[in-house]
Amino acid sequence: MNELKTENLSCKRGENIVLNNINFSIKSGETLVVKGRNGSGKTTLLRILSSFITSYEGKVLFNDVGISEDNLYNSKFNLIGQKNSLKENLSIKKNLELWDILFNEALDHTKLLEHNNLYHLFNKDVSSLSDGQKKCISLHRLNYNKYDLWFLDEPFVFLDEVNTNLLIEKINQFNENMGTVILTSNINLPKKFHKEINI
Amino acid sequence: MSNLIKRDLLLSFYSSANFFFTVSFFILILMLIPFAFGTQTEQLKVLFRGVVWIALALSIIITVDRIYNADYEDGNLDIIMQKNKTIEYLIISKYITHWFIYCLPLLVILPLLSFLFYLDYLETTQIFINLFIGSFGMVFIANFVSALTLGARRTIFLKAIIMIPLFVPFIIFGSDAGSWPILLALSMLSFVISIYVTAYGLRLYGE
Amino acid sequence: MYIKIKNNHIELIKSANPYLIFATIFAFVIGLYYSLFQSPPDYIQGDSMRIMYIHVPSAWFALMTYSILAGSCVLWFITRNPLFNVVARSIAQVGMIFTLMSLITGSIWGKPTWGVWWVWDARLTSMLILFFLYIAYIFLWQAISNKELASKISAALAIIGFINIPIIKFSVDWWNTLHQPASISKLSAPSIDVSMLIPLFIMTAACFLFLVTVSLIRFRLVLIENKVLRTSN
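Here goes a summary of the coordinates provided.

Description of the interface of chain A and chain B
- Counting from both sides, the interface comprises 26 residues of chain A and, opposite them, 23 residues of chain B.
- With both sides pooled, the region where chain A packs onto chain B buries about 2,400 Å², and carbon together with sulfur makes up 54% of that total.
- Considering only the side of chain A, the residues that lose the most area to chain B are Phe52(A), Lys87(A) and Leu102(A), jointly responsible for 28% of the buried surface there.
- One can count three salt bridges joining chain A with chain B.

If you want it as structure tokens, here you go:
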């Protein structure tokens, strides 16, 4: 049973206060939706949780240990940022091969891509795809399955209805397997998740 | 660490055009020597020793965008930094791959080129040793400049302006056959500085 | 960047500006008068040597300004006091002007004295590279849109440049012994006459005043810029 918790988390960028007193706690099998307007610091929050930003006030605790003290913490989460981490001039196949090496895990991509109806584009260059298709492939990284936490930054942007439902289904499945999800969104989602905070 | 090296090598294999461009660029710069200065053997021999360093410096400058910038812009740098928590390992892997992909091919074709410029075995060996040692130092410098200028606009010119003054000592000692110990010292110094500065730059941009 | 500075400090700098500008102009006029009319021509170089009265101070201040710049960058990293960063940013442009000035006057002096505009020796070469270090510092700061990040990055670069300068000086000295015999011996000036020291001293003071005046104007502008940023957010 894992628990991720923040205590009085505040963050300043320069003189701007980006995050002010964020408190939440989330356990295995739960999903937290972080809502807020554009520029309200949702991405900053995810980057603090994924230990890229280290200058903040307050505490971020994973199983009651500060995330900067936990050496293994970095191997426990999977962050899908807003940039889709794809090389535009390479085909989907080659991009996925590069990810396989970085994530140190070989996936059966053909089956997974058929699920999203992308398999027929397998050898096409990424630059020829639409934004929604790129996002789908970017979210394909969620299939690497050694992680306890998912941090998703605006995962539903560009996705059509079918793919949105597929992603929600995937999140539910991950929750059932005791995974924890934190996702940001600035629109109303079709489904209610366990927890929600506004920042 | 080994995963990152493997991934970078595969990436450069997939976009191998870049690799051929660098090698061709290097050869073409050296090819300009006879066009610019005529074909007297003695003169060519002297000029080759110096221009080969200029060609190496320029080749490294045009590749500097591919060290961290490409990965930073498409978001892969986040994944790389997450998977390599010890940032020093990440940086050292980048040194190795950058040198391996962009400097090693130049060093491999160097003997061939130096015979075209009428240099004998001994002279070629001297140039090769100097270039081998100096190329590491230049790669270290290129890496930290790349990490420092991740968020900058109009970057290639700016990077050249930052890098060329730092390359000056290498070029001065590089063209002298006996100064390889000094080149080694310079390379080691730039390694020490580079590893700190690159880590600093990457951490800043990670935020 | 959050800077705690009182409004009246900015006002104080503003009110000092006219006096400083006047003092700078006054010092330059007096200095030029002394160096052009009230000092004897050099018995070897003749009147061409008078350009030294502007060349020497600007070369000194070019180096000094870069030392202050790098020093305040180091202090900024240590103390995290943003004022050091503002100091570094305000003096960079003046330093670049001094470097350019010393390069130009040096060439003008070199032509009648050495017979050439330029000599590839350690001093001149490191001066030229210093000029590009200033350019790199200023333009790197401009090229990065996140200004807090830009300050940190360009400060790191300024410190690296500071390490680079002596290395270049040393390597060019070495290179000169390798590639060319010292064809031009440095002008040895065993004893400078008092009549020459006076204009040199006044010109140095004038350059110093110029440095202080322009830096303070820029210092104030940078502060105001940050203040505006603060109130607008």
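Concerning the side chain of Ser138(A)
- Looking at where Ser138(A) falls in the secondary structure, it is placed in helix H4 (residues 131-139).
- You can call Ser138(A) buried: its relative accessible area is 1%.

As for the nonpolar core
- Core analysis: the biggest nonpolar cluster contains 181 residues, and Leu4(A), Phe151(A), Ile182(A), Leu30(B) and Leu202(B) have the highest contact counts within it.
- Among the elements that make up this core, the one with the highest residue count is helix H4 (residues 122-143) of chain C (14 residues).
- Not counting residues up to four positions away in its chain, the partners in contact with Leu30(B) are Phe48(B), Val51(B), Val52(B), Ala55(B), Leu113(B) and Phe117(B).
- Counting residues in each nonpolar core, the second largest holds six residues, with Ile10(C), Ile13(C), Phe219(C) and Val222(C) among its members.

Remarks on the interface of chain C and chain B
- Listed by partner, the interface residues are 28 residues for chain C and 26 residues for chain B.
- A buried area of about 2,300 Å², summed over both sides, lies between chain C and chain B, and 80% of it is on carbon and sulfur atoms.
- In terms of surface lost to chain B, no three residues of chain C exceed Ala143(C), Ile153(C) and Ile160(C), which account for 22% of the buried area on that side.
- Linking chain C to chain B there are zero salt bridges.
- For the side of chain C that touches chain B, the secondary-structure elements that each account for two or more residues are H4 and helix H5 (147-179) of chain C.

About the criteria used
Residues numbered from 1 in each chain as written. Chains lettered and ligands numbered in written order. Predicted model: local features only at pLDDT ≥ 70, side-chain atom pairs only at ≥ 80, totals over all residues. Heavy atoms only, no water. Contact = heavy atoms within 4.5 Å. Buried area = accessible area lost by both parts, 1.4 Å probe. Salt bridge = Lys/Arg side-chain N within 4 Å of Asp/Glu carboxyl O. Helix = DSSP H or I, 4+ residues; strand = E, 2+ residues; numbered from the N terminus. Buried < 20%, exposed > 50% of the residue type's maximum accessible area, 1.4 Å probe, protein only. Core = buried A, V, L, I, M, F, W, Y, C linked by side-chain atoms within 4.5 Å.

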